[in-house]
Amino acid sequence: MSKFDIPQGQTIREIQQREKFIKDFYASWNAINPTKHIFNVALNDFIHVRFLSIQETMNHASATYESTLAITYLTEILEKATVEKRVKPKPNNQNQKRFSEIIIMQYDKPTFGKIKLTVGVLRGSRQNIQYCITAIEKTTNNPPLPGNSY
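Residues numbered from 1 in each chain as written. Predicted model: local features only at pLDDT ≥ 70, side-chain atom pairs only at ≥ 80, totals over all residues. Heavy atoms only, no water.

1. What about the overall build of the protein?
A count of helices and strands for the protein gives 4 helices and 6 strands. Starting at the N terminus and walking to the C terminus, you meet the elements of the protein as α-β-β-α-α-α-β-β-β-β. Counting all 150 residues of the protein, 46% fall into the buried class. In the protein, the share of contacts with a sequence separation of at least 24, taken over all contacts with a separation of at least 6, comes to 59%. Approximately 8000 Å² of the protein is accessible, and the part contributed by carbon and sulfur atoms is 51%. (Helix = DSSP H or I, 4+ residues; strand = E, 2+ residues; numbered from the N terminus. Buried < 20%, exposed > 50% of the residue type's maximum accessible area, 1.4 Å probe, protein only. Contact = heavy atoms within 4.5 Å. Areas by Shrake-Rupley, 256 points an atom, 1.4 Å probe, with all protein chains shown as cover.)

2. Let's talk about the nonpolar core
By size, the foremost hydrophobic cluster in this structure holds 33 residues, and its most contacted members are Tyr26, Leu78, Met105, Ile115, Leu117 and Ile133. Sorting the residues of this core by element identifies α1 (12–32), α2 (51–61), α3 (65–70), α4 (74–80), β4 (99–109), β5 (113–122) and β6 (128–137) as the ones contributing at least two each. Broken down by element, this core gets its largest block of residues, 5 residues, from α1. Beyond its immediate stretch of four places on either side in the chain, methionine 105 contacts Asn40, Ala42, Leu43, Ile47, Ala81, Thr82, Val83, Glu84, Ile115, Lys116, Leu117 and Val119. In terms of nonpolar packing, the next biggest core, distinct from the first, is built from 7 residues, Leu52, Ile102, Ile104 and Tyr131 among them. (Core = buried A, V, L, I, M, F, W, Y, C linked by side-chain atoms within 4.5 Å.)

3. What to know about the packing of aromatic side chains
What describes a pair of aromatic rings is the distance from one ring centre to the other and the angle between the planes of the rings. Counted by the stated rule, this structure contains 4 aromatic pairs. With a centroid separation of 5.4 Å and an interplanar angle of 80°, the aromatic rings of phenylalanine 39 and phenylalanine 46 are classed as edge-to-face. Phenylalanine 46 sits in the partly exposed class, given a relative accessible area of 33%. (Phe/Tyr/Trp six-rings, centres within 6.5 Å; stacked < 30°, edge-to-face > 60°.)

4. Quick notes on the environment of glutamate 19
Relative to the elements of secondary structure, glutamate 19 occurs in helix α1. Sequence separation of glutamate 19 and methionine 58 is 39 residues, and the distance between their C-alpha atoms is 5.3 Å. Once you skip the residues sitting within four places of it in the chain, glutamate 19 turns out to touch Met58 and Ser62.

5. Side note on a nonpolar patch on the surface
There is a patch of nonpolar side chains on the surface, built from Phe39, Val41 and Phe46 and spanning about 280 Å² of accessible area. With respect to the helices and strands, the residue valine 41 is situated in the loop between β1 (37–40) and β2 (45–48). Looking at valine 41, the relative accessible area reads 64%, which means it is exposed. (Patch = residues over 30% accessible without salt bridge, like charges linked within 9 Å, V, L, I, M, F, W, Y side chains within 5 Å. Salt bridge = Lys/Arg side-chain N within 4 Å of Asp/Glu carboxyl O.)

6. Overview of α1
With 21 residues, α1 extends 30 Å between its outermost C-alpha atoms, agreeing within 8% with the 30 Å of an ideal straight helix rising 1.5 Å per residue. Within α1, burial applies to Arg18, Phe21, Ile22, Phe25, Tyr26, Trp29 and Asn30. For α1, the angular spread of the buried residues around the axis is 165°, confining them to a single face. Facing away from the buried side of α1, by more than 90 degrees, are the exposed residues Ile12, Arg13, Lys20 and Ala31. (Expected span 1.5 Å × (residues − 1). Arc of directions from axis to C-beta.)

See below:
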């Protein structure tokens with residue numbers, strides 16, 4: 001995947017197309033990365049990609065073009081994001097109940113901007129699970145370039 005055709009509007013149809021793009025991107029990524037995990041330098045540990053990762057990211061990142069485009073840098077984000085803070089899971093969030101801790105991470109992608117990576121630490125096994133990826137803000141005047149790094 002080197003060129004991406006991601007809808008940029010805010011209609012329900014365009015958001016649904018972005019959801020499909022994210023789901024398809026993760027399917028391709030999983031095919032290329034059968035272990036479904038990437039070593040993160042800052043955590044000195046692996047970040048695992050699970051079904052929850054895809055669902056949460058699809059629900060949140062599909063809201064904007066920039067966040068959907070950020071997904072195309074998945075491997076790079078998982079490898080290079082740095083820890084911003086550690087927080088407790090939200091008490092009323094069903095999807096976060098399985099985690100003992102939530103790690104808010106950030107990756108500053110040249111020519112793109114800042115990308116937020118949320119990682120959940122599983123109770124018991126202490127496995128780091130990619131929870132969600134979204135673009136934080138556009139911090140450059142250069143247009144974002146689609147990535148082809150899986």
